[in-house]
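Structure assessment
So the chains spell out like this:
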Amino acid sequence: MRLRRRSFFALPLLLLARPAPAAPKAELWARWLAHDDSAKAAADHAPWTRFLERYRRLGSDGIARLAYGQVRPEDRRALDAYLSSLQGMPVSQLSRV
C-alpha cells in the first residue's frame, strides 16, 4: 500500500516534468566558417603525433593520460613550436576537405 501512495504522488510530477536542454544552440562564428576550397596548405600534425607516442600512457582502467611530469625540455619546445605554427595558419586560407 505504501508503494502505491508514493506512486500516486510521483506520477503527476513525472507528467509535468519537461526535459531540460543539454546545451544552448550552437552559433558558429564567421571566423570559423571562412575557408578556401582550392587551398593546398595543410597543417603538419607529425609533432603532435610524436608527442603523444612518447608521453601518452594507457591506464589499466582504459583511460589515456599524459605523463606531463616526464616531458623533456626539448619536447616541450617542439610542442610550443607546433602550436605556434598552428596559430600562424589563418583558418580562412585552409580547405575543409
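Everything quoted here is computed from the prediction, not taken from an experiment. (Residues numbered from 1 in each chain as written. Predicted model: local features only at pLDDT ≥ 70, side-chain atom pairs only at ≥ 80, totals over all residues. Heavy atoms only, no water.)

1. Concerning the overall build of the protein
Counting its regular elements, the protein contains four helices and two strands. When its helices and strands are written in sequence order, the protein yields α-α-α-β-β-α. The burial tally for the protein puts 8% of its 97 residues in the buried class. Sequence separation of at least 24 residues holds for 58% of the intrachain contacts in the protein that already meet a minimum separation of 6. With the model as given, the accessible surface of the protein reaches about 9000 Å², and the carbon-plus-sulfur share is 59%. (Helix = DSSP H or I, 4+ residues; strand = E, 2+ residues; numbered from the N terminus. Buried < 20%, exposed > 50% of the residue type's maximum accessible area, 1.4 Å probe, protein only. Contact = heavy atoms within 4.5 Å. Areas by Shrake-Rupley, 256 points an atom, 1.4 Å probe, with all protein chains shown as cover.)

2. Let's talk about the packing of helix H3 (residues 46–55) against helix H4 (residues 73–87)
Where H3 contacts H4, the axes come no closer than 9 Å and their chain directions differ by 145 degrees. Note on packing geometry: the crossing formed by H3 with H4 is left-handed. For the pair H3 and H4, contact is made by Pro47, Trp48, Phe51, Arg54 and Tyr55 and by Asp75, Leu79 and Tyr82, respectively. Residue composition of the contact of H3 with H4, by class: six nonpolar, no polar and two charged. (Axes fitted to C-alpha atoms, helices over the stretch in contact; angles between N-to-C directions. Left-handed = near helix turned anticlockwise from the far one by under 90°. Nonpolar A, V, L, I, M, F, W, Y, C, P; charged D, E, K, R; others polar.)

3. Some thoughts on the packing of aromatic side chains
Throughout the structure, instances matching the rule amount to two aromatic pairs. Note on tryptophan 48 and phenylalanine 51: the rings are 5.8 Å apart at their centroids and 15 degrees apart in plane angle, and the pair reads as stacked. With a gap of three residues between them, tryptophan 48 and phenylalanine 51 both fall in helix H3, about one helical turn apart. Between phenylalanine 51 and tyrosine 55, the ring centres sit 5.2 Å apart and the planes meet at 50 degrees, which makes this aromatic pair tilted. Placement of both phenylalanine 51 and tyrosine 55 in helix H3 is noted, with a separation of four residues, approximately one turn of the helix. One exposure class covers both phenylalanine 51 and tyrosine 55, and it is buried. Linked through ring pairs, Trp48, Phe51 and Tyr55 together constitute an aromatic cluster. (Phe/Tyr/Trp six-rings, centres within 6.5 Å; stacked < 30°, edge-to-face > 60°.)

4. What to know about the environment of tyrosine 82
Within the secondary structure, tyrosine 82 sits in helix H4. Tyrosine 82 gets classed as buried once you look at its relative accessible area, which sits at 7%. Spatially, the C-alpha atom of tyrosine 82 lies 9.0 Å from that of alanine 46, the residues being 36 residues apart in sequence. Non-local contacts of tyrosine 82, meaning those with residues more than four positions away in its chain, are made with Asp44, His45, Pro47 and Trp48.

5. Observations regarding the pattern of salt bridges
A full pass over the atoms with the stated rule returns five salt bridges. Note that aspartate 75 and arginine 72 form a salt bridge whose closest N and O atoms lie 3.3 Å from each other. Here arginine 72 falls in the partly exposed class, since its relative accessible area comes to 39%. Among the charged side chains, a salt-bridge network with shared partners connects Arg54, Arg72, Glu74 and Asp75. (Salt bridge = Lys/Arg side-chain N within 4 Å of Asp/Glu carboxyl O.)

From the geometry alone we can't say anything about function, so treat these as descriptive.
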